[in-house]
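What follows is the residue order along each chain.
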Amino acid sequence: MESSRASRSRRARPSGTRPLLYAALATVVIVGGTAAGTVFVKAQAHSGASPVSSATTADGEESVEPVAQPTVDHDALLAKAMKSVSTEDSADVSVAVLDLDSGASASYGDGSFDTASIVKVDILATLLLQAQDADRLLTASEKSYATTMIENSDNVSASALWRIIGKADGLDAANERLGLTDTTGGDGMLWGLTQTTATDQLTLLQQVFGDDSELSAASRTYLRELMGQIAEDQHWGVSAVADGSKWALKNGWLPRSTTGLWDINSIGRVTVDGHDYLVATLSKGNSTKAKGISLIETAAEAAVSALSGDTATSSASASASPSASASASASAS
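These figures come from a predicted structure and were not determined experimentally.

A. Expanded view of the packing of aromatic side chains. Applying the stated criterion across every chain, the model contains one aromatic pair. Where W236 meets W253, the ring centres are 5.6 Å apart and the plane angle is 65 degrees; that geometry is what we call edge-to-face. Residue W236 is located in the loop between helix 9 (217-227) and strand 9 (247-255), and its partner W253 is located in strand 9; the two are separated by 17 residues in the primary sequence. Given a relative accessible area of 1%, W236 falls into the buried group. By relative accessible area, W253 is classed as buried at 3%. Seen from the ring of F113, K284 lies directly overhead, with NZ or CZ sitting 4.7 Å from the centre.

B. Geometry of the nonpolar core. Grouped together as the largest cluster of nonpolar side chains are 72 residues, with contacts concentrated most on I123, L124, L223, M227 and V279. Per-element accounting of this core gives the leading share, nine residues, to helix 4 (residues 119-133). Among residues more than four places away in sequence, those in contact with L124 are A146, M149, I150, Y222, L223 and L226. Judged by nonpolar contacts, the second largest core, of six residues, contains W236, W262, I264 and I296.

C. Seen up close, the sheet that holds strand 11 (residues 275-286). Strand order in the open sheet made by the five strands is 6-5-11-10-9, with antiparallel pairing throughout. Edge positions in the sheet fall to strand 6 (105-108) and strand 9, since each has one partner strand and no second. Going from strand to strand, the sheet's axes swing by 5 degrees on average, the running direction of each strand aside. Relative to strand 11, helix 8 (residues 198-209) is tilted by about 145 degrees, and along the sheet it contacts strand 5 (92-99), strand 6, strand 9, strand 10 (262-272) and strand 11. Running at roughly 145 degrees to strand 11, helix 10 (residues 289-308) makes contact with strand 5, strand 6, strand 9, strand 10 and strand 11 of the sheet.

D. Main features of the pairing of strand 6. Judged from the four bridges that link them, strand 5 and strand 6 form a sheet pairing that is antiparallel. Across the sheet, V95 pairs through a bridge with Y108, a residue of strand 6. Counting the residues in the hairpin turn of strand 5 and strand 6 gives five residues, including G103, whose phi is positive at 85 degrees.

What counts, and at which threshold
Residues numbered from 1 in each chain as written. Predicted model: local features only at pLDDT ≥ 70, side-chain atom pairs only at ≥ 80, totals over all residues. Heavy atoms only, no water. Phe/Tyr/Trp six-rings, centres within 6.5 Å; stacked < 30°, edge-to-face > 60°. Helix = DSSP H or I, 4+ residues; strand = E, 2+ residues; numbered from the N terminus. Buried < 20%, exposed > 50% of the residue type's maximum accessible area, 1.4 Å probe, protein only. Lys NZ or Arg CZ within 6 Å of the ring centre and 35° of its normal. Core = buried A, V, L, I, M, F, W, Y, C linked by side-chain atoms within 4.5 Å. Contact = heavy atoms within 4.5 Å. Pairing = 2+ DSSP bridges. Axes fitted to C-alpha atoms, helices over the stretch in contact; angles between N-to-C directions.

Spatial relationships are all this shows, so hold off on functional conclusions.
Structure follows, in structure tokens:
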């Protein structure tokens, strides 16, 4: 009797059934239909993949298509996070961030900022690009200048390499190839007054820490290593967000002689909860160096939290920031 019933059940199955569809889908929920007899259903694959939609028409035809996932507005999340960042009335701040693992990015603020000493990364990238074009290695003196310029933020070394690359003309030509569209080299020997944006600095960081770059693998490795060996008195800025010592950075600080206010900037790569982020924070109009450092550190934390979804990150501590001399003055020579 049971065998007979099973046989009739198998014979009664409609020819339009799709065994593969039922094998691939765990749950099916009817969500709507049309007057023409088309029924739309949502289903979730056993593999844990994104939801799919199946449309079954009156004549038995079926199709399975991915359901559009909601888009996350990371710029809006960053803007919301920045509302909790305390900024002096005279100050302005801009920040850009990229999650190297997911590719998600966000930016806040616009306008141009003085680079101060973060331009030293750009100067070395330009030198390395020029050396690649000439199919040569850096000279011993160029390596010595590069080391002290990045690790110690030495201005004399920066000025020497600024001359070697052809000053602003050399920098601007390299930046055109590197994809920096809103960065202009400073006049004469005033490399610290190069004008840039947070998004351009994020582009520069991608050239250094990404794989799709005008810089060779050897050039990228060289720059990364120097940025990971910054002098201890400059362990502030985007490193405030990182897990321990998992960071590589370059800071810039400049008291403007015309206003007495400070430019404070920091760019680099940080590792947070296993994710690698590129972060560029720029600020100007700070009444003191300490307040500027506090501003860019809290801005960096807000940027990472906007991508990570964390509601709380380690708080920036201005008191932990070192006291150091300005790294690039308006009269640098």
